[in-house]
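Chain and residue survey
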Amino acid sequence: MAEKDPTCIGRVRHVLGATVTVALDPELAGVAPIYRGKLQAVGQIGSLVRIPQGIVDLVASVSLVSIAELTQPIAPAHGVQRDERWLQVQLLGEIDRATNRFHRGVGCYPGLDDPVHFATSAQLASVFPPAGLQHLRIGRLAAAEDVPVCLEASRLVVRHGAIVGSTGSGKTSAVSSILQNFVNGGWRAANIVVIDPHGEYARALEGNASVRSVLDAGENRLRVPYWALPAAEIVRIFAGATGGPTFLNRFSELVTEARRAFVRSADWLNIEESAITADTPVPFDIRPIWHQLDSENRETRTNKSDPTTAAACRTAPGDAQTLRPAQYQPYNPGGAAPHKAPTHGLYGTTPDLLRLGILNPQLQFFQEPVGDPHGTDPLVVAMQEWLGGDRPVSVLNFNGVPSAAADVAIGVILSLLFEVTLRCEAGGPGIGRPSPVLVVLEEAHRYLGEAAAAITRESANRIAREGRKYGIGLLLVTQRPTELPKTALAQCGTIIALRLSNAEDQGAIRAALPDTVAGLAAVLPSLRTGEAIISGEAVILPARTLLDKPDPMPQAEDPSLDPWRQEPIVPDVAPALAIWRGTYEGE
């Protein structure tokens, strides 16, 4: 009698398309046999088994474990099944024994009573490629922890990806680990831009990334020049609203004139003046425009129909550069001079709000760099800073600024990055097709949903739809995949799903997984911290994976309760309130 293969765990009982039901060997102790001193986690959801078929081994993923007496009959069976333990597995691909290479899909199906074996680490090594020139390590197989799981880097970058998981599941650590592995894996000339709304990534990437913050007062300040925005968005970030059609039309008119004046005087610009609009990203100074609008809003005249008489009513000229408004004599409500000018009060409080926004230190990053007609293009310098200079990773820290202003600034960055990649030819200088860009978008649901600023939503969705063709990819990071537009999630070629406790979010990920492994979504609420289901174009097989821990860790840990054990004191909230109001206390 031939000696029994110690890797055999059962026999095929039912075959229904890609779903195979396996009766476990009655002599098998439990569902985790020991082989060569190692525990083989056969009964774990997501573990892999093999079914020999001549010169190939079919590879399947475990999707169900049951005891027949305790469950309903397993499809397609209709009779009573007793005294047997069962596995249900999904066929995924096959290993050619001659070449030891794995291929997705199956060319033949198993027969009834065919033996089923657990896959050893050596056999799984032919399924999961090692880290190398084309592959980026991300973790290790949960069911066989000595087998590394690697992603095909090019597919992860240019075909978009999503990292989803509930708060505390390990999303930020997962992103940090991926970025560290890019740096340590030899991609030293990468173009990775991390949009960091909470200031979490600087510590994890210290020494390997360019880190710029909107609140940094030195050379590492993040600069997003307001003049690169459309006119309406400039008003929105400084005044909080567009101020109504009358104000916006007048503001746009003055901005257009200012942009054209700069083009006429600039040595480094060669643009047809008539092509300049209020939205063309050409430098201009917003202060004289504010001063003009504010003066029109305050103006009184001795003769209402004669604008030259306004000078007689002006008591102080004000100053545009120091943002001091012009002063006029109050109008006489009785009908005598001085009279209201036709524009008096027409703009409401918008000029005042615009002035306060320009003065707000939290918005100072919008006012740099300024344009010099006789210098160089400041937008080139700003974009090189966004891309991190010669560093492989650039972290743009927006922590500490109003969310509405940060959203618009992020929209400008995304828009300009896409517009530049659109115009860079393969084989030439620049970014995109010559050198792909990966944008890591933390809190992605904030920027792609209906509540996002229009420029941000449109730019992010445009990259999701068209970025692959031009070499710019998105890595969306969110705890609420249901709040992402369906088209955005559908464009993600790779999904890394950590623990999800919300049923709607689980449903969104289940719908995005291939039908053959949709059953893996059932384990999403029970995944450990740092454990994920990885599926899509960048991974050769959907896999339940223990993600590598980053070193150093990001600054994403929960606040400590140690201060609660100290002597009680009255909390000092004055500095925070001063920053919130846009003022600083003198030191």
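Everything below is about the structure shown above.
As the structure is a computational prediction, the values presented were derived from the model and not from experiment.

What to know about the side chain of lysine 171
Among the structural elements, lysine 171 can be located in helix α3 (residues 171-184). At 6.4 Å, glutamate 442 is the nearest oppositely charged side chain to lysine 171, a buried residue that forms no salt bridge. Residues contacting lysine 171, with those up to four places away along its chain left out, are Ile163, Val164, Gly165, Ser166, Val477, Thr478, Gln479 and Leu498.

Regarding the pairing of strand β21 (residues 472-478)
For β21, the buried fraction is high: seven of the seven residues fall into the buried class. Residue alternation in β21 divides its side chains into two sets, Ile472, Leu474, Leu476 and Thr478 and Gly473, Leu475 and Val477, and both sets are buried. In terms of strand pairing, strand β12 (residues 161-164) meets β21 through four bridges, oriented parallel. Paired with valine 164 across the two strands is threonine 478, which belongs to β21. Pairing of strand β20 (residues 437-442) with β21 involves six bridges; the strand directions are parallel. Within the sheet, the bridge partner assigned to glutamate 442 lies in β21 and is valine 477.

Comments concerning the pattern of salt bridges
In the structure shown here, the tally under the stated rule is 25 salt bridges. Close ionic contact of arginine 264 with glutamate 273 constitutes a salt bridge, the shortest N to O distance being 2.6 Å. Since its relative accessible area comes to 53%, arginine 264 is described here as exposed. Residues joined in a network through salt bridges with shared partners are Glu152, Arg155, Arg159 and Glu537.

Topic: the nonpolar core
Ranked by size, the top nonpolar core spans 105 residues in total, and within it Phe238, Phe251, Phe366, Phe398, Leu441 and Leu476 carry the most contacts. When residues of this core are assigned to their parent elements, the largest contribution, 11 residues, is made by helix α10 (residues 403-422). What phenylalanine 251 contacts, discounting residues up to four positions off in sequence, is Ala231, Ile234, Val235, Ile286, Ile289, Leu293 and Leu354. Residues Ile163, Val194, Val477 and Leu541 belong to the second largest nonpolar core, which totals 48 residues.

Thoughts on a nonpolar patch on the surface
A cluster of nonpolar side chains, namely Val15, Tyr109 and Leu112, defines an oily patch on the protein surface of about 300 Å² accessible area. Tracing the chain through its elements places leucine 112 in the loop between β8 (101-104) and β9 (115-118).

Remarks on the sheet that holds β20
With respect to topology, 11 strands assemble into an open sheet ordered β11-β10-β24-β23-β22-β12-β21-β20-β13-β19-β14, the strand pairing being mixed. One side of each edge strand has no neighbouring strand; the edge strands of this open sheet are β11 (144-152) and β14 (209-213). Neighbour-to-neighbour, the strand axes of the sheet open up by a mean angle of 25°, direction not taken into account. The sheet contact formed by strand β22 (residues 494-497) and strand β23 (residues 531-536) spans four bridges and is antiparallel. Along β23, the bridge assignment pairs isoleucine 496 with isoleucine 534. Packing of α3 onto the sheet brings it into contact with β10 (135-141), β12, β13 (192-196), β19 (393-397), β20, β21, β22 and β24 (543-547), and relative to β10 it is tilted by some 135°.

Thoughts on helix α6 (residues 286-298)
The end-to-end C-alpha distance of α6, which contains 13 residues, comes to 18 Å, matching closely the 18 Å that a straight helix rising 1.5 Å per residue would cover. Counted residue by residue, α6 has 10 buried out of 13 residues, so it is predominantly covered. All of the buried residues in α6 are Ile286, Arg287, Ile289, Trp290, His291, Leu293, Asp294, Ser295, Glu296 and Asn297. In this fold, the buried residues of α6 make contact with α4 (231-239), α5 (244-265), β17 (327-328) and α8 (350-359). Measuring from the side-chain oxygen of the N-cap residue of α6 to the backbone nitrogen of arginine 287 gives 3.1 Å; that N-cap residue is aspartate 285.

Side note on the pairing of β13
Burial within β13 is extensive, with five of its five residues counted as buried. Residue alternation in β13 divides its side chains into two sets, Ile192, Val194 and Asp196 and Val193 and Ile195, and both sets are buried. Here β13 runs beside β19; their pairing, made up of five bridges, is parallel. Within β19, the residue paired with isoleucine 192 across the bridge is valine 393. Alignment of β13 against β20, held across four bridges, turns out to be parallel. In the strand pairing of β20, isoleucine 192 is matched with leucine 438.

Looking at α8
Along α8, the residues classified as buried are Thr350, Pro351, Leu354, Gly357 and Ile358. An end-on view of α8 places all buried positions within 120° of arc, on one side of the element.

A few points about the packing of aromatic side chains
If you walk through the whole model with that rule in mind, you get 10 aromatic pairs. Taking the centre distance of 5.5 Å and the plane angle of 80° together, the rings of tyrosine 226 and phenylalanine 284 count as edge-to-face. Remark: phenylalanine 284 occurs in the loop between α5 and α6 and tyrosine 226 occurs in the loop between β14 and α4; sequence separation between them is 58 residues. The exposure classification of tyrosine 226 matches that of phenylalanine 284, with both residues buried. Their ring planes at 70° and their centres at 6.2 Å tell us that phenylalanine 238 and phenylalanine 366 sit as a pair that is edge-to-face. Here phenylalanine 238 is found in helix α4, whereas its partner phenylalanine 366 is found in the loop between α8 and α9 (378-386), with 128 residues between them in sequence. Here the aromatic residues Tyr226, Phe238, Phe284, Phe365, Phe366 and Phe398 are joined through ring pairs into a cluster of three or more. The residue whose ring lies beneath lysine 340 is tyrosine 331, and the NZ or CZ to ring-centre distance is 4.6 Å.

As for the environment of proline 148
Within the secondary structure, proline 148 sits in strand β11. Taking the C-alpha atoms as reference, proline 148 lies 18 Å from threonine 529; in sequence the two are 381 residues apart. In contact with proline 148, other than residues within four places in its own chain, are Phe128, Arg137, Gly139 and Arg140.

What about the packing of α5 against α6?
Relative to each other, α5 and α6 sit at 140°, their axes nearing to 10 Å. The pairing of α5 with α6 is recorded here as oblique in orientation. For the pair α5 and α6, the crossing hand works out as right-handed. Touching Phe247, Arg250, Phe251, Leu254, Val255 and Ala258 of α5 are Ile286, Ile289, Gln292, Leu293 and Glu296, all from α6. Of the residues in the contact of α5 with α6, the class split is eight nonpolar, one polar and two charged.

Thresholds, definitions, all that
- Residues numbered from 1 in each chain as written.
- Predicted model: local features only at pLDDT ≥ 70, side-chain atom pairs only at ≥ 80, totals over all residues.
- Heavy atoms only, no water.
- Helix = DSSP H or I, 4+ residues; strand = E, 2+ residues; numbered from the N terminus.
- Buried < 20%, exposed > 50% of the residue type's maximum accessible area, 1.4 Å probe, protein only.
- Lys, Arg positive; Asp, Glu negative; His and termini not counted.
- Salt bridge = Lys/Arg side-chain N within 4 Å of Asp/Glu carboxyl O.
- Contact = heavy atoms within 4.5 Å.
- Pairing = 2+ DSSP bridges.
- Core = buried A, V, L, I, M, F, W, Y, C linked by side-chain atoms within 4.5 Å.
- Patch = residues over 30% accessible without salt bridge, like charges linked within 9 Å, V, L, I, M, F, W, Y side chains within 5 Å.
- Areas by Shrake-Rupley, 256 points an atom, 1.4 Å probe, with all protein chains shown as cover.
- Axes fitted to C-alpha atoms, helices over the stretch in contact; angles between N-to-C directions.
- Expected span 1.5 Å × (residues − 1).
- Polar contact = N/O pair within 3.5 Å; in protein donor to acceptor, adjacent residues only side chain to side chain.
- Arc of directions from axis to C-beta.
- Phe/Tyr/Trp six-rings, centres within 6.5 Å; stacked < 30°, edge-to-face > 60°.
- Lys NZ or Arg CZ within 6 Å of the ring centre and 35° of its normal.
- Parallel < 35°, antiparallel > 145°, perpendicular 65-115°, else oblique.
- Left-handed = near helix turned anticlockwise from the far one by under 90°.
- Nonpolar A, V, L, I, M, F, W, Y, C, P; charged D, E, K, R; others polar.

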